[in-house]
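As a plain string of letters, each chain reads:
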Amino acid sequence: MKFSNLLFNSLKESPKEAKIVSHQLMLRSSMIRQHTSGIYTWLPLGFKVLKNIENIVRYNQNKIGCNEMMMSTIQSSDLWKKSGRYSDYGKEMLRINDRHDNELLYGPTNEEVITDLFSDYVNSYKGLPKYLYHIQWKFRDEIRPRFGVMRGREFLMKDAYSFDLDHESAVETYKIFFKSYLQTFIDLGLQPIPVKAATGAIGGDLSHEFQIIAKTGESELAYDPELVSQNLLNKSYEEITSMYSASDEMIDKNRSNVVIGRGIEVGHIFNFGTKYSLPLECYVLNNEGKKVFPHMGSYGVGVSRLTAAIIEAFHDENGIKWPFNISPFKINIITSTHGSNNEVAEKLLEKLTLKYGNVSYDDRDLGMGRKIKDSELIGIPWSIIIGKNYEENKQLEITNRSNGEKSFLTESEVESFKFEQYTP
Ligand code: ATP
Ligand code: MG
């Protein structure tokens with residue numbers, strides 16, 4: 001992609017309305033544009049990042065045998081009346097009347113819809129367990145939308161739903177999702193902290209939130225830094241959850257090394273038994289031909305919130321520092337204004353795009369300094385400068401965005417250079 005084709009316009013100053021660094025940097029680097037309160041347009045750069053995050057989430061859901069599908073954003077109110085949540089949900093739900101005066105709503109979550117459809121396709125215990133998910137826009141009319149896409153009104157969520165024959169099996173499923181969530185957040189370069197959680201409007205008795213430590217987070221967390229830094233992937237669900245103290249926080253009871261900090265909730269999982277299968281009459285027949293109501297769970301990831309959470313984790317005073325697998329472009333080629341090196345850049349763009357997928361070439365009629373600043377602001381992990389050094393010594397300058405390390409290579413050396421796919 002050439003910058004001359006890209007819809008991009010960097011801002012030097014942070015817009016006043018942006019209170020936290022991720023919101024500031026997303027606006028300054030043309031990732032998002034506010035359409036109206038809590039509702040955003042995802043501009044080309046932001047959209048690429050959103051898709052990259054979505055794909056990492058998708059990969060991990062597919063790996064545990066979860067079926068991807070797509071439910072509508074608009075739902076009928078009937079099912080919500082049956083589950084009792086139509087009145088409970090309150091003002092957060094956006095209610096719409098169609099031309100025939102049917103009551104519709106913009107889905108804030110999908111338990112009702114999925115429970116209703118499930119019983120049409122699975123009638124026997126032999127069809128259980130089953131896991132289903134979609135990655136779809138939600139609408140919640142939050143009282144205080146703020147911090148950009150961190151707490152929007154319209155936001156992208158991955159929500160999965162599980163159906164099991166009984167409680168024991170549903171708990172096993174819960175553990176599978178729990179472990180898969182740890183892997184997902186680690187694949188995104190983050191260090192997740194699972195925290196026991198209240199179940200709220202969704203209901204049920206078993207629930208965890210996944211928090212990312214950040215100064216700007218909305219949740220207060222008490223944690224033991226030593227526990228948090230352990231490799232959770234090596235541990236079983238039982239080992240991890242036994243690391244909690246009675247107050248449900250990630251503190252070792254036997255030590256006093258507690259830090260009070262803040263966290264961003266990036267995921268939330270629930271086991272709620274038959275809370276929806278009973279009122280919505282979703283059942284299967286067991287091996288004796290008797291009706292059994294599946295035990296269910298739901299599992300959410302805040303995909304759009306994650307774009308901001310990842311920026312909160314990876315940035316410096318010059319801009320974003322994307323993990324390689326999430327960055328909108330992996331490598332950015334930069335030439336100077338007068339255009340004498342454009343052919344070299346074009347050739348390199350073609351070769352590196354074949355090898356690394358998304359590569360950009362800043363071919364704008366702007367000074368080198370400005371282009372370097374924009375590259376740092378956007379957060380592209382690698383840049384290649386074709387400037388004075390090329391003209392004088394046929395050398396290209398490779399810079400690692402995260403640690404600023406530079407190497408000077410010839411054209412053919414750059415073509416075979418292994419750009420490390422690093423996480424800052
Ligand atoms: P919160 O306590 O932050 O309001 P929640 O408990 O209402 O979250 P869930 O219903 O569990 O959230 O939704 C699953 C995930 O969706 C959350 O963990 C969060 O990452 C994301 N999410 C929820 N509300 C928003 C929002 N208004 N804007 C962006 N992401 C959101
Ligand atoms: Mg909420």
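For the structure itself, consult the block above.
Residues numbered from 1 in each chain as written. Chains lettered and ligands numbered in written order. Predicted model: local features only at pLDDT ≥ 70, side-chain atom pairs only at ≥ 80, totals over all residues. Heavy atoms only, no water.

A. Focus on the side chain of Asp159. With respect to the helices, strands and loops of the structure, Asp159 is situated in strand 8 (residues 154–164). Polar contacts involving the side chain of Asp159 include one to the side chain of Lys138, which spans 2.8 Å. Looking at Asp159, its side chain comes within polar contact range of the side chain of Tyr161, at 2.6 Å. Setting aside residues no more than four positions away along its own chain, Asp159 makes contact with Asn110, Leu132, Tyr133, His134, Lys138, Tyr299 and Gly300. (Helix = DSSP H or I, 4+ residues; strand = E, 2+ residues; numbered from the N terminus. Polar contact = N/O pair within 3.5 Å; in protein donor to acceptor, adjacent residues only side chain to side chain. Contact = heavy atoms within 4.5 Å.)

B. Local environment of the site of ligand 1. Close to ligand 1 lie 15 residues, the nearest being Arg140, Glu142, Arg151, Gly152 and Glu265. Measuring from an oxygen atom of ligand 1, one finds a side-chain N or O atom of Arg140 at 2.9 Å. Between ligand 1 and the protein, one listed contact pairs an oxygen atom with a side-chain N or O atom of His268 at 3.2 Å. Relative to its free-state accessible area of 580 Å², ligand 1 is covered by the protein chains to the extent of 85%. Those elements giving two or more residues to the shell around ligand 1 turn out to be strand 8 and strand 12 (259–273). Of the residues forming the shell around ligand 1, the biggest block, 5 residues, is contributed by strand 12. Here the residues of the shell around ligand 1 sort into 6 nonpolar, 4 polar and 5 charged. (Near = heavy atom within 4 Å. Areas by Shrake-Rupley, 256 points an atom, 1.4 Å probe, with all protein chains shown as cover. Nonpolar A, V, L, I, M, F, W, Y, C, P; charged D, E, K, R; others polar.)

C. Quick peek at the sheet that holds strand 20 (residues 382–386). What the 5 strands build is an open sheet, ordered 19-18-20-21-22; its pairing is mixed. Each of the sheet's edge strands pairs with one partner strand only, and the pair in question is strand 19 (359–362) and strand 22 (406–409). On average, adjacent strands in this sheet sit at an angle of 20 degrees to one another, irrespective of strand direction. With 4 bridges joining them, strand 18 (residues 331–335) and strand 19 adopt parallel strand pairing. The residue of strand 19 that forms the bridge with Ile334 is Asp362. Strands strand 18, strand 19, strand 20 and strand 21 (396–400) of the sheet are contacted by helix 10 (residues 342–356), whose axis makes an angle of about 165 degrees with strand 19. (Pairing = 2+ DSSP bridges. Axes fitted to C-alpha atoms, helices over the stretch in contact; angles between N-to-C directions.)

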